[in-house]
Protein chains: 2
Amino acid sequence: MRNKVRSAFEVCPIEVGVAVAGGDWKLTIVSKLVAGPLRFGRLQREAGPVSAKTLTRQLRALEDDGILIRTVYPEVPPHVTYELTESGAALAEIAEELGDWSERYIRPVYDREDAG
Amino acid sequence: MRNKVRSAFEVCPIEVGVAVAGGDWKLTIVSKLVAGPLRFGRLQREAGPVSAKTLTRQLRALEDDGILIRTVYPEVPPHVTYELTESGAALAEIAEELGDWSERYIRPVYDREDAG
DNA sequence: CGGTATCCTGTACGATACTG
DNA sequence: CAGTATCGTACAGGATACCG
């Protein structure tokens, strides 16, 4: 994943953004964290049908790239929260725009196919 | 690819956007077309180290989703151009924002790693 | 609760060779 | 020029079982 980002740097900044934020679930995760920190289980339920394995992978990648912060509370049972950094909040705005864009331009395309 | 988009509709609009625009090279392709239509070969050179096979795939997907228009001029040798639709132009703006975001927030992360 | 380990399938993508 | 066909590798991501 990091290697992908590194080679993207030699192409263009947009491709870097795609490498960092383009994975499945990543932008959805970020958007779910705008309202405030969430715990792992809650985040998994809110994000959609994502497996624990994949969610963990994506969260770790987002953490490595400085998009969110993982906090472990030393309790039993375990308690872990995820919250956005400034970088993550900025990314969340782009995620929202992408969502609006797909509602406006993509949904009609597929609705038309379903009708026809 | 279309199946991925269809299932994304059942999750959230952001995930639809990722499914449609999140593939490697797609946003870069779109950004290269903002200045005006380009031919296949030119686009391939401008986009970066993308193979003809992948570029073709991505262009077809973008066409299917109404993001760009492919025009074939019946000449010898063949002449094909790609140009953005309104949808594509709107997506290009988001692509630019993502590029700016990565320059501002991601580059420092990796520069710091390279230094350390 | 918040993961990890293992296995598995599907697909993305590049390289190369070829074509109308 | 603008692709297509074929092959091969890499990795994403789900399912399941298990752990501190």
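Each remark here, short or long, concerns the structure printed above.
Here the structure is a predicted model, which means the values were calculated and not measured.

Engineer: So what's going on with the protein's contact with DNA strand D? Which residues, and what values?
Structural biologist: The immediate surroundings of DNA strand D are formed by 21 residues, with Ser-51, Lys-53 and Thr-54 of chain A together with Arg-70 and Tyr-82 of chain B found nearest. Sugar and phosphate atoms constitute 76% of the interface atoms of DNA strand D, taking the interface as everything within 4 Å of the protein. At 3.0 Å from a phosphate oxygen of DNA strand D is found a main-chain nitrogen or oxygen belonging to Gly-41 of chain B. Mapped onto the surface near DNA strand D, the elements with two or more residues apiece are α5 (52-64) of chain A together with α4 (40-47), α5 (52-64) and β3 (79-84) of chain B. For the surface near DNA strand D, the leading source of residues is α5 of chain A, giving four residues. A class-by-class count of the residues in the surface near DNA strand D yields eight nonpolar, six polar and seven charged.

Engineer: Explain the interface of chain B and chain A to me, and be specific about the residues and the numbers.
Structural biologist: Every contact between the two is made by 48 residues of chain B and, on the other side, 48 residues of chain A. Buried surface at the junction of chain B and chain A, both sides included, amounts to about 4200 Å², of which 63% is carbon and sulfur. Here chain B and chain A share eight salt bridges between them. With a closest N to O distance of 2.7 Å, Arg-6 of chain B and Glu-113 of chain A form a salt bridge. Linking chain B to chain A there are 22 residue pairs in polar contact (both at pLDDT 80 or more). Elements that contribute at least two residues to the side of chain B that touches chain A include exactly α1 (2-9), α2 (13-21), α3 (26-32) and α6 (86-115) of chain B. Among the elements that make up the side of chain B that touches chain A, the one with the highest residue count is α6 of chain B (21 residues). Residues of the side of chain B that touches chain A, tallied by class, amount to 24 nonpolar, nine polar and 15 charged.

Engineer: So what about the protein's contact with DNA strand C? Which residues, and what values?
Structural biologist: Looking at DNA strand C, there are 21 residues lining it, with Arg-70 and Tyr-82 of chain A together with Lys-53, Thr-54 and Pro-78 of chain B nearest. When atoms of DNA strand C within 4 Å of the protein are split into backbone and base, the sugar-phosphate part holds 76%. Between DNA strand C and Arg-39 of chain A, the relevant distance is 2.9 Å, taken from a phosphate oxygen to a side-chain nitrogen or oxygen of the residue. Asp-24 of chain B is positioned with one of its side-chain polar atoms (N or O) 3.0 Å from a phosphate oxygen of DNA strand C. Among the secondary structure elements, those contributing two or more residues to the surface near DNA strand C are α4 (40-47), α5 and β3 (79-84) of chain A together with α5 of chain B. With four residues, the single largest contributor to the surface near DNA strand C is α5 of chain B. Along the lines of polarity and charge, the residues of the surface near DNA strand C split into nine nonpolar, five polar and seven charged.

Engineer: Can you lay out the sheet that holds strand β2 (residues 68-73) of chain A for me, pointing to particular residues and giving the numbers?
Structural biologist: Residues and elements named next belong to chain A. The strand order across the open sheet formed by three strands is β1-β3-β2, and the pairing between neighbours is antiparallel. The open sheet has two free edges, formed respectively by β1 (38-39) and β2, since each of these has just one partner strand. For β1 and β3, the ladder comprises two bridges, and the chain directions are antiparallel. When the sheet's bridge partners are listed, Arg-39 is paired in β3 with Thr-81.

Engineer: Can you lay out the side chain of His-79 of chain A for me, pointing to particular residues and giving the numbers?
Structural biologist: All names here are of chain A. Within the element layout of this structure, His-79 appears in strand β3. Engagement of the side chain of His-79 in a polar contact is seen with the side chain of Glu-75, the distance being 3.4 Å. Setting aside its immediate chain neighbours within four residues, His-79 contacts Arg-39, Thr-71, Val-72 and Tyr-73.

Engineer: Describe the pairing of β3 of chain B, naming the residues involved and giving the relevant values.
Structural biologist: All names here are of chain B. Along β3, five of the six residues are buried, which leaves the element largely enclosed by surrounding structure. Summarising the sheet, strand β2 (residues 68-73) and β3 pair through six bridges and their orientation is antiparallel. The residue bridging Arg-70 from the neighbouring strand is Tyr-82, located in β3. Between β2 and β3, which follow one another and run antiparallel, lie five residues.

Reading the values: rules and limits
- Residues numbered from 1 in each chain as written.
- Chains lettered and ligands numbered in written order.
- Predicted model: local features only at pLDDT ≥ 70, side-chain atom pairs only at ≥ 80, totals over all residues.
- Heavy atoms only, no water.
- Near = heavy atom within 4 Å.
- Polar contact = N/O pair within 3.5 Å; in protein donor to acceptor, adjacent residues only side chain to side chain.
- Helix = DSSP H or I, 4+ residues; strand = E, 2+ residues; numbered from the N terminus.
- Nonpolar A, V, L, I, M, F, W, Y, C, P; charged D, E, K, R; others polar.
- Contact = heavy atoms within 4.5 Å.
- Buried area = accessible area lost by both parts, 1.4 Å probe.
- Salt bridge = Lys/Arg side-chain N within 4 Å of Asp/Glu carboxyl O.
- Pairing = 2+ DSSP bridges.
- Buried < 20%, exposed > 50% of the residue type's maximum accessible area, 1.4 Å probe, protein only.

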